[in-house]
Amino acid sequence: MRVANLECVVASGGHAADKPWTFRASPRVLPLLKKHVDVVSLANNHSGDFGRAAFAEMLSRLDSAGLPYFGGGRDLREAHRPRIIERKGLRIALLGYDEFFPRAFEAGDAYPGVAWSEDAQVAYDIRQARQQADVVIPFMHWGQEHEPRANDRQRQLARLMIDAGADAVVGTHPHVVQDTELYRGKPIVYSLGNFVFDGFTDPANNTGWVLWLDVSKHGVQAWRVEPVHMDRRGSPHP
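Given the structure is predicted, the values throughout are model-derived calculations rather than measurements.

**Student:** How should I be thinking about the packing of aromatic side chains in this particular structure?
**Tutor:** Two descriptors summarise a pair of aromatic rings, namely the distance from one centre to the other and the angle between the planes of the rings. Using the criterion set out here, one finds five aromatic pairs in the structure. Ring geometry for Phe101 and Trp116: centres 5.2 Å apart, planes at 50°, overall tilted. Placement of the pair is Phe101 in the loop between β8 (90–98) and β9 (113–114) and Trp116 in the loop between β9 and α4 (119–130), with a sequence separation of 15 residues. On the basis of relative accessible area, Phe101 is assigned to the exposed category, the value being 55%. On the basis of relative accessibility, which here comes to 6%, the residue Trp116 falls in the buried class.

**Student:** Sorry if this is basic, but what is going on with the sheet that holds strand β4 (residues 39–41) here?
**Tutor:** Adjacent strands of a sheet form backbone hydrogen bonds with each other and so pair up, either parallel or antiparallel. The strand order across the open sheet built from three strands is β1-β4-β5, with neighbouring strands paired in parallel fashion. Both edges of this open sheet fall to β1 (3–5) and β5 (69–70), since each of them pairs with a single strand only. Strand direction decides the pairing type here: β4 and β5, joined by two bridges, are parallel. Bridge pairing in β5 places Val40 opposite Tyr69.

**Student:** It is not clear to me how the side chain of Glu181 should be interpreted in this structure. Could you clarify?
**Tutor:** Its place among the elements puts Glu181 in strand β12 (residues 180–183). By relative accessible area, which is 17% here, Glu181 ends up buried. Of note is the side chain of Glu181, whose polar atom sits 3.2 Å from the side chain of Arg155. In contact with Glu181, not counting residues within four places along its chain, are Arg155, Arg159, Lys186, Pro187, Ile188 and Tyr190.

**Student:** Would you explain the nonpolar core in this entry?
**Tutor:** As a rule of thumb, soluble globular proteins bury nonpolar side chains together. Formed by 24 residues in total, the largest nonpolar core has its most connected members in Ile126, Met140, Trp142, Met161 and Val169. If you list the elements that add at least two residues to this core, you get β8, α4, β10 (135–141) and α5 (152–164). The leading source of residues in this core is α5, at five residues.

**Student:** Just checking my understanding: could you explain α4 for this structure?
**Tutor:** Think of an α-helix as turning once every 3.6 residues; residues three or four places apart then point the same way. With twelve residues, α4 extends 16 Å from end C-alpha to end C-alpha; this agrees with the ideal 16 Å at 1.5 Å per step. Taken as a whole, α4 has its buried residues at Val122, Ala123, Asp125, Ile126 and Ala129. Axial view of α4: buried residues confined to an arc of 160°, hence all on one face.

**Student:** How should the side chain of His175 be read in this particular structure?
**Tutor:** Among the secondary structure elements, His175 is positioned in the loop between β11 (169–172) and β12. His175 sits in the buried class, given a relative accessible area of 9%. Within the structure, the side chain of His175 is placed 2.8 Å from the side chain of Asn194, a separation counted as a polar contact. Ignoring sequence-local partners within four residues, the contact set of His175 consists of Glu145, His146, Gly193, Asn194, Phe197, Phe200, Ala204 and Asn205.

**Student:** Before we go on, may I ask you to explain unusual backbone geometry in this structure?
**Tutor:** With the exception of glycine, most residues fall at negative phi, and the peptide bonds are largely trans. That bond from Phe101 to Pro102 is cis: its omega, 15°, falls within 30 degrees of zero. The residue Pro102 is located in the loop between β8 and β9 in this model. Positioned with a positive phi, Lys88 is a non-glycine residue whose angle comes to about 55°. Inspection of the secondary structure puts Lys88 in the loop between β7 (83–87) and β8. Of the residues examined, Lys88 reaches a relative accessible area of 92% and is grouped as exposed. Phi is positive for Arg184, which is not a glycine, with a value near 55°. Mapped onto the elements of the fold, Arg184 is located in the loop between β12 and β13 (186–189). Exposure remark for Arg184: the relative accessible area of 56% places this residue in the exposed category.

How each quantity is defined
Residues numbered from 1 in each chain as written. Predicted model: local features only at pLDDT ≥ 70, side-chain atom pairs only at ≥ 80, totals over all residues. Heavy atoms only, no water. Phe/Tyr/Trp six-rings, centres within 6.5 Å; stacked < 30°, edge-to-face > 60°. Helix = DSSP H or I, 4+ residues; strand = E, 2+ residues; numbered from the N terminus. Buried < 20%, exposed > 50% of the residue type's maximum accessible area, 1.4 Å probe, protein only. Pairing = 2+ DSSP bridges. Polar contact = N/O pair within 3.5 Å; in protein donor to acceptor, adjacent residues only side chain to side chain. Contact = heavy atoms within 4.5 Å. Core = buried A, V, L, I, M, F, W, Y, C linked by side-chain atoms within 4.5 Å. Expected span 1.5 Å × (residues − 1). Arc of directions from axis to C-beta.

Structural data, given as C-alpha cells:
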C-alpha cells in the first residue's frame, strides 16, 4: 500500500490565500497520481491554499478518481475519521493531522477542511481506530522547516500517540529528513523530507526518504528508509 502526503489542492476553482506560497494542481494529474499512489493524506498546510470551495472540489474529484484520502473531509467528523484499508486480511487505519498554521484550514462541524492536531483529540481518534483495525498509523504534518532534528513538541506528541495505541508515527513538513527513533519498540520517523517537489537548491531539501513498513496483526515487524534525490525538475530518483 503506497501512501503519500498530497501537499497541494487538486482543483480548477478557488482563490489563492494571502500567504507566501500557494499550491494548486490541475485535476488532470489525478490519473497519474492514482497510478502511483494508493491513498493520500490531506492534513497539511497547503491543501487549503485556494479556499474551502476548492478543497471540497478536491474531495469530490478524489472520490470520482477512486483515490482514498484521510486527514481531511467535508466536516470535522469526516476529517478525523480513520481511513481503513484492507490488505491480505489485515485492516490498516490511517489518520492524518496538521500542526502547521494557518489553522483556518481546519474542518468544522458544517464545513470542509483538514484535521487539526490537538493532543486529547488525537489520542481519542487513535483509541477509536484501535478498536476497528489491526494496525494504526498516524501521519503528522509538524516540526520546524529545514531543521534536521525533531523538536521537543514532536517528540512529546509522538510518544503520546504510541501510548494511545499507534503502531508507528510518520511525519512530514520540514522539507528535510529528520532523525528517527524507537519508542516502546515502535518506529517514529519524524520527517520524510521532500519526494516530488521542485524549487529547492539546497541538497538537503532535494533528498527525501521512501519509508517501507512491513506490518502484521502484531504491528510493525520491520522497517527501513530508502533515500531518493530530486533533480532540478523536482522528480525523484533512487
